[in-house]
Amino acid sequence: MPAFTRTDFEIRAAGGGPPVRGDVRVRAGLRPTAALVICHGFKGFRGANFFPNLARAAAHRGLAAVTFDFSRNGLGDDGVDFSALDRFAEQTHSRNVAEIRAVLDAVSSGTILPRTPRRIGLLGHSRGGGEALLAAADDPRVDALATWAAIGDVDSRWTAEQIATWRAGGTVQVQNTRTKQMMPVGPAYWADWEANRARLDIPAAAARLSIPWLIVHGDADATVNVDEAHALFNAAGDDAELLVVEGGDHTFGSRHPYAGATPELRTAVDATLEWFGTHLA
């Protein structure tokens, strides 16, 4: 594979608070005319699992590959460990969607790329897939979308007990199955959802989306059931395609730390990069 360059960037929030940090990978000697923005999911980060290799593969295909960390994903300043759980407790869907749009601002203006791109693709995994869909449905700068193992809604993910805890002003603890940490989700999370249900309605965004959309999901996903992919596809318009990966789990068989691509992950990567190669050409 050809060599590539990697450049870090930082986007400061206008109202203060932790920044959005990310990086751009570009094939050496190339000034791409198209960019791909990649969004991680709940309890994820841009350096986790398959994300760096996916970005490198996109860069090798001639795209400017942009990965970033949501500001409240819980990572400390080292970008490796979940040592900032106070930040994790502050996350909301609205903030994450706004941060996707802030990254799109930086990409579309050319400030973090070698040149201003003519076309932009957006890819999100799990919760980041649902949030990427919400951002793309109302942003004309996005020319093509792909979602991997995306959530199909918000409210059905939580128990009545968890919702009651948030409504009473409490914090819900969720376990990180990899690190075994209990990670806090504060009451602002549910308050944001209840105040912005229409704007954060993922099925409605699917119906509204008018750009090419590839929905990728494993049929062995125990975290987000493949039925949610079928529901999104049924809600979508004629520009959507559904790829169900046989035997694929929530991360298509790959784990963190990354030890190489599985057949299921290769299927997802190859189909996705071919999709963007077609629609961002």
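Everything below is about the structure shown above.
Since the model is a prediction, treat every value here as computed from it, not as a measurement. The residue count restarts for each chain, going from 1 along the sequence in the order it is written. Under the rules for a predicted model, residues below a pLDDT of 70 receive no local features and side-chain atom pairs below 80 are neither given nor counted, while totals for whole chains, interfaces and linings still include all residues. Side-chain calculation: all heavy atoms of the structure are included, whereas hydrogens and water are not.

A. Here's a closer look at the nonpolar core. By nonpolar core is meant a set of buried Ala, Val, Leu, Ile, Met, Phe, Trp, Tyr and Cys residues that side-chain atoms within 4.5 Å join together. Per-residue accessibility, obtained with a 1.4 Å probe over protein chains only, is compared with the maximum for each type, and a residue is labelled buried under 20%, exposed over 50%, and partly exposed between these values. Residues Leu-122 and Trp-213 are the most contacted members of the largest nonpolar core, which totals 62 residues. Contacts between residues were defined by any pair of non-hydrogen atoms, one from each residue, lying within 4.5 Å. Not counting residues up to four positions away in its chain, the partners in contact with Trp-213 are Leu-133, Leu-145, Ala-146, Thr-147, Ala-206, Leu-232, Ala-236, Asp-239, Ala-240, Glu-241 and Trp-275. If you look at the next biggest cluster of nonpolar residues, it comprises 26 residues, including Phe-51, Ala-146, Phe-252 and Leu-265.

B. Focus on the environment of Asn-234. Within the fold, Asn-234 resides in helix α8 (residues 226–235). Between the C-alpha atom of Asn-234 and that of Pro-203, which follows or precedes it by 31 residues, the distance is 9.4 Å. Helix and strand definitions here come from DSSP, where helices need a minimum of 4 consecutive H or I residues and strands a minimum of 2 consecutive E residues; each element is numbered from the N-terminal end.

C. Quick look at the sheet that holds strand β6 (residues 144–148). Taken in spatial order, the 8 strands of this open sheet run β1-β2-β4-β3-β5-β6-β9-β10, and their pairing is mixed. The sheet terminates laterally at β1 (4–11) and β10 (240–245), the two strands that pair on one side only. Sheet twist, expressed as the average angle between the axes of neighbouring strands with direction ignored, equals 15°. Two strands form a pair only when DSSP identifies at least two bridges running between them. Pairing analysis gives 6 bridges linking strand β3 (residues 34–39) to strand β5 (residues 119–125), with the strands arranged parallel. Along β5, the bridge assignment pairs Ala-35 with Ile-120. The strands touched by helix α4 (residues 127–137) are β3, β5, β6 and β9 (213–218); relative to β5, the strand with the most contacts, the crossing angle is about 145°. An axis is simply a line fitted to the C-alpha atoms; with a helix, the fit covers only the stretch in contact. Between two such axes, the angle follows the N-to-C directions and lies from 0 to 180 degrees.

D. Expanded view of the pattern of salt bridges. Here a salt bridge means any side-chain nitrogen of Lys or Arg lying within 4 Å of a carboxyl oxygen belonging to Asp or Glu. The final tally for this structure, using the stated rule, is 20 salt bridges. With a closest N to O distance of 3.9 Å, Arg-119 and Asp-143 form a salt bridge. Placement of Arg-119 in strand β5 and of Asp-143 in the loop between α4 and β6 is noted, with a sequence separation of 24 residues between them. On the basis of relative accessibility, which here comes to 18%, the residue Asp-143 falls in the buried class. The salt bridge involving Arg-197 is made with Glu-194; its shortest N-O contact spans 4.0 Å. Overall, the relative accessible area of 32% leaves Glu-194 in the partly exposed class. Each of Arg-6, Asp-8, Asp-23, Arg-25, Arg-46 and Asp-69 takes part in a single network of salt bridges with overlapping partners.

E. Here's a closer look at the side chain of His-250. For His-250, the position within the fold is in the loop between β10 and α9 (263–279). Among the polar contacts made by the side chain of His-250, one reaches the side chain of Ser-126 at a distance of 2.9 Å. We call two N or O atoms a polar contact when they sit within 3.5 Å, provided that within protein one can donate a hydrogen and the other can accept it, with sequence-adjacent residues counted only if both atoms are side-chain atoms. A polar side-chain atom of His-250 sits 2.8 Å from a polar atom in the side chain of Asp-221. Ignoring anything within four residues of it in the chain, the contact list for His-250 reads His-125, Ser-126, Ala-149, Asp-221, Thr-223 and Val-224.

F. Focus on the pairing of β9. With 6 of 6 residues buried, β9 lies mostly within the body of the structure. Side chains Trp-213, Ile-215 and His-217 of β9 all project onto a buried face; the interleaved residues Leu-214, Val-216 and Gly-218 project onto the opposite face, where all are buried too. Direction of pairing for β6 relative to β9: parallel, over a ladder of 4 bridges. Paired with Thr-147 across the strands is Ile-215, a residue of β9. Here 6 bridges tie β9 to β10, and the two strands are oriented parallel to one another.

G. Main features of the packing of aromatic side chains. Centre distance within 6.5 Å is the pairing criterion for rings of Phe, Tyr and Trp, where only the six-membered ring of Trp is used; planes under 30 degrees apart are then read as stacked, over 60 as edge-to-face, and the remainder as tilted. The final tally for this structure, using the stated rule, is 13 aromatic pairs. Aromatic side chains Phe-50 and Phe-51 sit 4.6 Å apart centroid to centroid with 40° between the ring planes, which places their arrangement in the tilted category. Judged by its relative accessible area of 6%, Phe-51 is buried. Residues Trp-158 and Trp-166 carry aromatic rings whose centres are separated by 4.9 Å and whose planes lie at 80° to one another, so their mutual orientation is edge-to-face. Of the two residues, Trp-158 and Trp-166, neither departs from the other in class, the shared state being buried. By the ring-pair criterion, three or more aromatic residues cluster together here, those being Phe-42, Phe-88, Trp-158, Trp-166, Tyr-189, Trp-190 and Trp-193. Taking NZ or CZ as reference, Arg-127 lies 3.9 Å from the ring centre of Phe-42, over its face. Only when the NZ atom of a Lys or the CZ atom of an Arg is both within 6 Å of the ring centre and within 35 degrees of the ring normal do we say a charge sits over the ring.

H. Summary view of helix α3 (residues 93–108). The span one expects for a helix is its residue count, reduced by one, times 1.5 Å. With 16 residues, α3 extends 22 Å from end C-alpha to end C-alpha; this agrees with the ideal 22 Å at 1.5 Å per step. Within the span of α3, buried status applies to His-93, Ser-94, Asn-96, Val-97, Glu-99, Ile-100, Val-103, Leu-104, Ala-106 and Val-107.

I. Representation of the pairing of strand β2 (residues 20–27). Of all 8 residues that make up β2, 6 are buried, and the element is covered over most of its length. Taken together, the 8 bridges between β1 and β2 define a ladder with antiparallel strand orientation. Pairing of Glu-10 across the sheet is with Arg-21, part of β2. Pairing between β2 and strand β4 (residues 64–69): 5 bridges, direction antiparallel. Bridge pairing in β4 links Gly-22 to Phe-68.

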